[in-house]
Amino acid sequence: MVMTKIQENRDWRSHPFSVERSTLFRMIRIINYVGQAYQQNTLTQSLSLSRREWRVLLVIASHPDVSATQVSEISGYSQMAISRAVRSLIGQNRLVQKTDPADRRRSCLNLTDDGWAVYRQLVPVVVGFEDNVLGALDTHEREILDNVLDRAVSRITSEPIRSDWQDEDDD
């Protein structure tokens, strides 16, 4: 029995998985480096927003009257993670949640004046992170990357396995 497990491990090692060449691991690495830069940024520290909260804030700013479910779909975070971030942002007076008058079962999320003030401070920082990451690419390469990412996002959002990919530990 022990020999079988050892043999299985040897078979796996004969076809190693390279994190250095894995597209997903390289994307995760970029996200992690940006997250670390966000946490070390003096302005973002003064805003007292977690990485999840600033991402939720950016989604809501881009999609007025959005529901928490839609924020989850757009961001890729679980509904529970979005719910926690929304509660926190409401507690910070950066978000307001109101019942949709057209469908009383649905709640709409919008930024408050304080939320918009944070957004205006945050956007240059986020754009700076993006420019830093993509600075090695020319305009044509950025267009290609945009198209590839659009196709990849379309694929993962249409696959039933998508909910299994969400990372609860990411903040």
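Refer to the structure presented above.
Residues numbered from 1 in each chain as written. Predicted model: local features only at pLDDT ≥ 70, side-chain atom pairs only at ≥ 80, totals over all residues. Heavy atoms only, no water.

## Let's talk about the overall build of the chain
Rules: Only DSSP runs of H or I reaching four residues or more are called helices, and only runs of E reaching two or more are called strands; each is numbered from the N terminus. Burial here depends on accessible area, computed with a 1.4 Å probe over protein chains only, as a share of the maximum for the residue type. Under 20% is buried, over 50% is exposed, and the range in between is partly exposed. Any two residues whose heavy atoms approach within 4.5 Å at even a single point are treated as in contact. Accessible surface is estimated by sampling points in the Shrake-Rupley manner with a 1.4 Å probe; for residues, cover comes only from the protein chains shown.
Looking only at helices and strands, one finds eight helices and two strands in the chain. The order of helices and strands in the chain, counted from the N terminus, is α-α-α-α-α-α-β-β-α-α. Residue burial in the chain is summarised as follows: out of 171 residues, 26% are buried. In the chain, the share of contacts with a sequence separation of at least 24, taken over all contacts with a separation of at least 6, comes to 57%. A total accessible area of about 11,900 Å² is found for the chain, and carbon and sulfur atoms account for 53% of it.

## Details of the packing of helix 2 (residues 23-40) against helix 7 (residues 113-134)
Stated precisely, the cut-off is as follows: Axis geometry follows a simple rule: fit a line to the C-alpha atoms, using only the stretch in contact for helices, then measure angles between N-to-C directions, giving values from 0 to 180 degrees. Any angle from 65 to 115 degrees is called roughly perpendicular, while one under 35 is roughly parallel, one over 145 is roughly antiparallel, and all others are oblique. For any helix crossing, the convention is left-handed if the near helix is rotated counterclockwise from the far helix by under a right angle, and right-handed if that rotation is clockwise. The residue classification treats Ala, Val, Leu, Ile, Met, Phe, Trp, Tyr, Cys and Pro as nonpolar and Asp, Glu, Lys and Arg as charged. All others, Gly included, are polar.
It is at 11 Å that the axes of helix 2 and helix 7 come closest, and there the two elements cross at 140 degrees. Taken together, the axis directions place helix 2 and helix 7 in an arrangement best described as oblique. Here helix 2 and helix 7 pass one another in a crossing that is right-handed. Of the residues in helix 7, those touching helix 2 at Ile-30, Val-34, Ala-37 and Tyr-38 are Leu-122, Phe-129 and Val-133. In the contact of helix 2 with helix 7, the residues fall into seven nonpolar, no polar and no charged.

## What about the packing of aromatic side chains?
Let me state the cut-off plainly: The criterion for an aromatic pair is that two Phe, Tyr or Trp rings (for Trp, the six-membered ring) have centres within 6.5 Å, with stacked assigned to planes under 30 degrees apart, edge-to-face to planes over 60 apart and tilted to the rest. Each ring is checked for a lysine NZ or an arginine CZ that lies within 6 Å of its centre and within 35 degrees of its normal; such an atom marks a charge sitting over the ring.
Taken as a whole and judged by the stated rule, the model has two aromatic pairs. Relative to Tyr-119, the ring of Trp-116 lies with its centre 5.3 Å away and its plane at 85 degrees, an arrangement referred to as edge-to-face. Of this pair, Trp-116 and Tyr-119 both sit in helix 7, separated by three residues, roughly a single helical turn. Residue classification places Tyr-119 among the partly exposed positions, given a relative accessible area of 23%. The positively charged end of Arg-52 is found above the aromatic ring belonging to Tyr-77, 5.2 Å away from the centroid.

## As for helix 2
The criterion, for reference: Every helix has an expected span of 1.5 Å times one less than the residues it contains. Note that the arc is computed from the directions linking the helix axis to the C-beta atoms.
Taking 1.5 Å of rise per residue, the 18 residues of helix 2 would be expected to cover 26 Å, and the 26 Å separating its terminal C-alpha atoms lies within 8% of that figure. When helix 2 is considered as a whole, its buried residues turn out to be Val-34, Gly-35 and Tyr-38. Here the buried residues of helix 2 occupy an arc of 105 degrees about the axis, which is enough to place them on one side. Of the exposed residues in helix 2, the ones pointing more than 90 degrees away from its buried face are Arg-29 and Gln-40. On the buried face of helix 2, the contacting elements are helix 3 (42-47), helix 4 (51-62) and helix 7.

## Section: the packing of helix 2 against helix 4
It is the contact of helix 2 with helix 4, at a shortest axis distance of 10 Å, that shows an interaxial angle of 100 degrees. One element, helix 2, and the other, helix 4, form an angle in the roughly perpendicular class. When helix 2 is examined against helix 4, the residues Ile-31, Asn-32, Gly-35, Gln-36, Tyr-38 and Gln-39 are found in contact with a partner set consisting of Arg-51, Trp-54 and Arg-55. Here the contact of helix 2 with helix 4 is built from residues that sort into three nonpolar, four polar and two charged.

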